Structures are given as C-alpha cells and as structure tokens.
Amino acid sequence: MSTNVTPRSRLRERLMVVLTACVALAAAGAARAGDAVDFRRDVFPILSNNCFTCHGPDAKARKAKLRLDLKSGALRTDDPIISAGKRSESTLFERITSHDPDDQMPPPKSGKSLTQAQIETLGRWIDQGAVWKGHWAFEPVIEPRVPAPKRAGWARNPIDAFVLARLESLGLEPAAPAADPVLARRLALDLTGLPLAVEDAQAFAADLRPDKYDRLVDRLLASPHHGERMAMDWLDDARYADTNGYQNDFARTMWPWRDWVIRAYNANTPFDLFLTEQLAGDLLPNPTLEQRIATGFNRNNRTVTEAGSLDEEWRVENAVDRIETTATVFLGLTMGCARCHDHKYDPITQTDFYQFMGFFYSLNEQGVYTEQRGNVPPLVSLPTEADRKHLAELDKAVEAARARKAPKNELDKLTKERDEFKASIPSVMIMEDAPKPRPTYVLKRGQYDQPDRSRALEPDAPEALSRLARGVPRNRLGLSKWLLARDNPLTARVAVNRIWQMHFGVGLVKTQENFGVQGEPPSHPELLDWLAAEFVRMGWDQKALHRLIVTSAVYRQASRVEPSLLARDPENRLLGRGPRFRLPAELVRDNALFAAGLLTQRVGGPSIKPYQPAGLWEELAGGAGEAPYVQDHGPGLYRRSLYIYRKRTVPHPALATFDAPSREICQVRRARTNTPLQALGLLNDVTYVEAARRLAEQVLKDGGTSDRARLETLFRRALGRAPHPQELAVLERGLERRLAVYKADQDAAAKLINQGESPRVPGLDPARLAAFTATASVVLNLDETITVE
C-alpha cells in the first residue's frame, strides 16, 4: 500500500490550500473605523493567509513567499516593508493598495483579494505603531490576575471569578445551581463513567452536611472506576486497538498497556511523569517493567503485514504517525501539514518536521512484518508467577528428555507443548531504539524515496517554539523534557483544555486538535492560562485539577437555559449554564447495563467480545486472515465498554453508532451526532432489549408493591431522580396499553422477554414482564438517559 504523492493528490492539496486560505481570508474580520486595532483579532487573520509575495531586484526574489504571519517577516529590518506609524511610507500598504498587477498584493493570479475594510484595518494597524503580538498559543503562559467580579458570594474558586467577570461584562447572570440528583449524576458520570447507585443518590440528597459535595468528589476520584473513565479518552488519543489495521488487520495484544493507563490514572500519576513514561520510559535510568510497558503509547500505531509492502516506505509512515500523534496529543498542533512543505499557517517548517521525526526514526523495528500474526518486536513478555513456574517445569521436562535421549516424537511433543504455552503468555509492544541511529533527511514532497542527502538532520524541536536546551539528550527523553519545560507554551494549555473538554463537552479551546492559527481561539483566554499555570504549580496533579473544576460554581450550574440566552449563546461558550451533552458511546451502553444490574465491574484484563450481528466481520472485512468473531458468554458479556475488542477495519456497531472513533489514527475530539440509527439501536439491539428486560425483572421483584411504585423505582434506576407527576402519568398510561397488548399476544411477549443470555427471573407473569420491559425500553431511550446534564 503506497502513500506516494501522485500528481492528482498534489493538485488536490494545492486546491485545498487555496480554498482554505480563501475561506479564512473571507472570514477574517476588520476593525471598525475609529477603534483601536486588536492585532490578534483583526490583523493576524489577514496576515496569516500566505497570500503575499516579495518584490526584489531579481526574479528569484520576486517569486519568494513572504511570511507575514511571522514577526521576522512582517517587521524585518533588512529591506523593511512596514514603517511603524506611517502607512504612506510602508511598502506593504503601497502593495495592497496598488492596481498594478506586477506590484499588487495579494497577486491577482492567486485568486485572492483584500476587502476595503481589511485594507483599512492594516493601514490603521500600521498608523497605530504596527505592534506585533504573536499567535496566542505560541506566547508564554503568564499567570493572569484573578478578576474581582461585582457579584459577591457566588464564586467558589478562581475559575468562577474569570467566568462571572466575563458574564457581567455582557450584562448576563449565571444559572442557578443544579438540583442534587442532577448534580450527583453528572459528577459520577464525569469522574467514573457510571451513575450513582439509587441508594447512594438518595443518601447524597438526604445528607445535610455542608461538605457533602466535596466528600462525594473525593470518593469518586478514589474509585477504581475513575481510571477507567479517564483511560477511555486517552485510548482515543493514543489510537489504541486490538488489531493491526490495514488490509490484514491481524489481532495484536496491547491490553496490558491499556491496563497500565488505568493504573496510572488511579494512582494519580502526575502528568509530567505520565507523559515522560509513555514517550520515553525505556530511556529512564534503570527502567522498570511498568515504565517499559508505558511506552506502548507509540506502538499503538497501525502495523503493515501485507506481502509486497516496502519496508522503508512504512518505516517512514510509522515515524510520521508518531509525529502527528505526539504533536496533536501534547502540543495541539497539526505538525503533519509540514511533511511535504512548510506549514501553510503555523510557524513550522519542513525542516522542523524532519528534525522532529528524528526522535522516532531510529526505533529498533521493521517497517513491514509480512504476514506476521500477533505482536511484533520490540516487545516484552508478561508472565504471571504461575506462568513462570509452569514454564520452568516445561523447560525442565524438555531438558530431561534430551538428557536421557528420549525418542524424537516424545521430545517433539514436549517441545511443542512448551513453545505453545510460551506463545500463549501475554506480551505488549514497546519502544526501543536501534543500536545505531538512522540518519534523518528532509524528504522531498514527503516521499520516502526522495531524501535530500545534502544535509543530515539531528533530532530537535521546532525553532519557533524554541529548540532543545543545551545538554538535553537528543532522543525521546530529551523530547519529553522539552515538552515539559517552563517555556513551552503549549503542553500545559493543551492538557488542561483536554480535561475541561471532558467535563463541559467542549474545551475552552473548541479545537482541541488544533491550537494553531487555524484553530478556534479560547473562549476564556485568561482562564485557560490561569489553569495551565495552576496545573504546573500543583505539580501536574491530575486529580487536583479535576477537583478544582468540578467544585467550581460554574460546573455546578443547572443546564436549563432561557430562550433568550440560548439564542445568544447556543453552544454555552460563555459558560452561563451547566454542561449538557450526549454520553460518549461507551457510557451509553455502560449506563444501560448498570441500571439493569447486569454490569460486570471487574477492572482490567483482556478485551471482551459482546453481542454483535452475526457475520459482520466476514461481511465487512472478508475475514482478513483473522479467526471469526467468537462472542463471550457469562460475566465477560457484560463488562464495561472500555474493554470491547476494537477491530480497526470493523468497529463494533454499539460504539460506532454513537460516534466512537475507529482508532486508526489519533483523535482527541469526538464527533457528536444525533441520528435515527441511534434510537433504533437503543430500541432493538439485544444489549438494550436485554437490559430493559433485566431492569423490568428487578422492579417487578423488588421495586415496590404497586405498579406506580415500580415505575418510580425503574425511573430512579435509569435517571437517578424521581419522575415528575406528569412523567409518571405518561408511564402509567403506556404500561396499561402495553399490558393489554401482551395479554392478547403471548407469543410477542415471549419473544421480547427471551432476548439475551442472562437467565430469566422465575415466577413472573410473561405479559406483565413484557409490558414492563417495553416501558423500561422507553425510559432507557429517553434523551435524558443518554445525556449528561
């Protein structure tokens, strides 16, 4: 499978660059006449579109690109183009107002032009001194002063002060606090991915202690399920899966790395160590087994096993994947855009890209592992004590057979038994550098077979973000030190934004994957910088950051919104109300299983294969050389969705339907769609029909002595609150209708209540069970049930 850049793909790329630039240019705002020009808001969007050319005494200079998005280009002292304070004496202004096609900027052939308002904005910026402010994300993090809003008594911590000050500046008020049941459910889902049990939710509501909320926060952060909830998002970032991807998509074993992530979150591993161990745990002094397992982060990339693939081509592709993943996850940068040429918007050159590739190009691995199943080197074996003991016994038996010159068939049988057992011991792929570093060169047009051998590059960070410090090793350990350096403007900002996104559904920077020029600016820039500085000051303590956010008054607001505010702020970017968003795919399923009492809550272990439509793998992947899908039974069938087997070429429908990514590449922000297929799945998929039946059985058995009481219990188990009178009346009428239907059609009742493998509760009337099952299905399909609010 080749990734060579074809003429057609080059043309497509050029067209996309032009279209993107034109859209951005058209969208760039212009300051109103008389206003002070805001450089970042008004000027930078105009300058960052790469639509200007130099004009010099020779043809080469005339064709050269002028990077006006860089201070060194816009305010250059050699042949300056801007005279601060004097637009009439500035070459730049002369060019953008010229009608001569040989002098005009942007050049007419570019197909771009500036509006009169944009030209005037640039002119006034020059007149006002041409003060340069770099892109906000590339500026150092400087802890801002916490504002003092007018309204006293509302703010619980500095987060609230920043948000309230912004609301007050717009004449707005924050929402009222969320009711206890709603807040408790929101908090539990955010911190553990599971709702509170009914009795725990009722105990919280009845607790009169003033610190009851803080106590609940601490209890949930200490839960072993907290690590599972946090790992769910991190596995997206790391493109974790149980198969290699590409055409063959053979099985692999990476779940030991997934379990390391869960353990690290539960142990509250500081983020700086969390980052270092995953990027370079093998390069730490005397690395432990756990630190080597951690490096599986960058072995989660897809692996090529197709015969005929070119080793060097895919060695390059693997390195590129690791560049893009590392830059996206830790820096929020689209560094991959500099593979074939300098980045069109951000200050990342093509040379920067290949210097960065040097950190990942010298791994002790092949590019292609032709037709190899399972894990490929480098890897570590992970035997248990029992495994080691049994393996020693088998080794001893083989040696004894050899010593006594046993018959060949006996020796072969013992050797085969030992080798098969050894192969059955789990392993995990890890990072390990080759004994001799490979030289790195700029690849012309990004092609693996077009290296520019005129200059070998040494590993380094992008120049615009500051190079590696003197004395820092030029390897992955040095890279981790650079990422965590005090003067790195991105790592802390990106890290806190990821956690904010988890709690509010969207980050302070909406584009978590792109903090660059084309990304969306932060809704609350001062708050973002304060959180980044505070995170570092707290020693990169991840649980402390969660605690800070969820104990804020901002987080504790009700999500209900007045129509006027909804029209003004439909996406809640002002944070004038609490978060409300659909549950991630994994939690939709987990929530249903939990409400039904079906969920198996064991933490860690091999991936599981729950219900899936028969023949799906064969239909969509043609088998792809892998054994058929063998469904689990018993407790494994009901484990958390975090542990569902992730086959890259055939995502599990329970996850894909609700927008879980395929994990073929790094993805730090999920799509969130609302489709009819989702409702159809919740109503008809055996997972949810069985959950509804089990929930119905529980309430018929233990939910009370009247149907009204049973419906109240059913509602509480699914939503964590009591139904309103109107809601209860609707449920009662629906139950009455369904009971009449199933009494008249016993076959339909039997078909419904026999869904799923969990055993039926004996002694229940089939028609009543079917009626309650259908009612439970309605409740499990409510918008509120699958929503954090």
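Since the model is a prediction, treat every value here as computed from it, not as a measurement. (Residues numbered from 1 in each chain as written. Predicted model: local features only at pLDDT ≥ 70, side-chain atom pairs only at ≥ 80, totals over all residues. Heavy atoms only, no water.)

The next subject is the overall build of the protein chain. Within the protein chain, the regular secondary structure consists of 32 helices and four strands. What you see for the protein chain is a C-alpha radius of gyration of 30 Å, in line with the 28 Å of a compact globule of 789 residues. Seen along its three principal axes, the alpha-carbon backbone of the protein chain occupies a region of about 95 × 85 × 45 Å. A buried classification covers 55% of the 789 residues belonging to the protein chain. Long-range pairs, those at least 24 residues apart, make up 72% of the contacts in the protein chain with a sequence separation of at least 6. Summed over all atoms, the accessible surface of the protein chain reaches about 34500 Å², with 54% contributed by carbon and sulfur. For the protein chain, the distance from the average position of its 108 positive side-chain charges to the average position of its 102 negative side-chain charges is 0 Å. (Helix = DSSP H or I, 4+ residues; strand = E, 2+ residues; numbered from the N terminus. Rg over C-alpha atoms; globule rule 2.2 N^0.38 Å. Buried < 20%, exposed > 50% of the residue type's maximum accessible area, 1.4 Å probe, protein only. Contact = heavy atoms within 4.5 Å. Areas by Shrake-Rupley, 256 points an atom, 1.4 Å probe, with all protein chains shown as cover. Lys, Arg positive; Asp, Glu negative; His and termini not counted. Charge placed at Lys NZ, Arg CZ, Asp CG, Glu CD.)

Taken as a whole and assessed by the stated rule, the structure comprises 58 salt bridges. R418 is the partner of D395 in a salt bridge, and the nearest nitrogen-oxygen pair spans 3.5 Å. Within this pair, whereas D395 is found in helix α17 (residues 385-403), its partner R418 is found in helix α18 (residues 408-424), the two being separated by 23 residues in sequence. Exposure remark for D395: the relative accessible area of 31% places this residue in the partly exposed category. Residue R418 is classed as buried on the basis of its relative accessible area of 16%. A salt bridge links D590 to R589, with the shortest nitrogen-to-oxygen separation between them at 3.8 Å. In this structure, D590 and R589 share a single accessibility class: buried. Beyond isolated ion pairs, a larger network of salt bridges with shared partners links D236, E586, R646, R663 and R670. (Salt bridge = Lys/Arg side-chain N within 4 Å of Asp/Glu carboxyl O.)

Across the protein chain, the average pLDDT comes to 91, with 93% of residues at or above 70. Note on residues 1-30: pLDDT is under 50 here. Beyond four places in sequence and across chains, it has 47 contacts. Note that residues 54-64 has pLDDT below 50 and, in this model, 17 contacts with residues that lie over four places away or in other chains. (pLDDT = per-residue confidence, 0-100.)

Before going further, it helps to examine the state of the cysteines. The final tally for this structure, using the stated rule, is zero disulfides. Here C340 stays unpaired: no disulfide links it, and the sulfur of C337, its closest cysteine neighbor, is 9.7 Å away. Assessed through its relative accessible area of 17%, C340 is described here as buried. (Disulfide = S-S within 2.5 Å.)

Look at the link from M105 to P106: it is a cis peptide, with omega at -5°. Positionally, P106 belongs in the loop between α5 (91-97) and α6 (116-127). That bond from P377 to P378 is cis: its omega, -5°, falls within 30 degrees of zero. Among the structural elements, P378 can be located in the loop between α16 (350-357) and β1 (379-381). The residue N268 is not glycine, and still its phi comes out positive at about 55°. The phi dihedral of N286 falls on the positive side, at around 45°, and the residue is not glycine. Judged by its relative accessible area of 73%, N286 falls in the exposed class.

What follows concerns the domain arrangement of the protein chain. The domains assigned to the protein chain are domain 1 (26-134), domain 2 (180-222), domain 3 (383-425) and domain 4 (684-788). On a C-alpha basis, the centroid separation for the pair domain 2 and domain 3 is 53 Å. (Domains from an automatic or database assignment.)

Let us now look at the packing of aromatic side chains. Aromatic ring pairs are defined here through the distance separating the ring centres and the angle between the ring planes. One pass over the full model with this rule turns up 24 aromatic pairs. Their ring planes at 45° and their centres at 4.9 Å tell us that Y265 and F274 sit as a pair that is tilted. Overall, Y265 belongs to the buried group, its relative accessible area being 6%. Members of the aromatic cluster, connected to one another through ring pairs, are W234, W260, Y265, F271, F274, F297, F330, F535 and W540. For K609, the ring lying beneath its charged end belongs to Y629, and the centroid distance is 5.8 Å. Here the basic side chain of R639 rests over the ring of Y643, its NZ or CZ set 4.1 Å away from the ring centre. (Phe/Tyr/Trp six-rings, centres within 6.5 Å; stacked < 30°, edge-to-face > 60°. Lys NZ or Arg CZ within 6 Å of the ring centre and 35° of its normal.)

With 178 residues, the main nonpolar core has W234, W257 and L531 as its most contacted residues. Broken down by element, the residue count for this core peaks at nine residues, all from helix α32 (residues 766-780). The residues that make up this core include at least three from each of domain 2 (180-222) and domain 4 (684-788). Sequence-distant contacts of W234, defined by excluding residues within four places in its chain, comprise W257, V261, Y265, F271, F274, Q278, F297, V329, F330 and R498. (Core = buried A, V, L, I, M, F, W, Y, C linked by side-chain atoms within 4.5 Å.)

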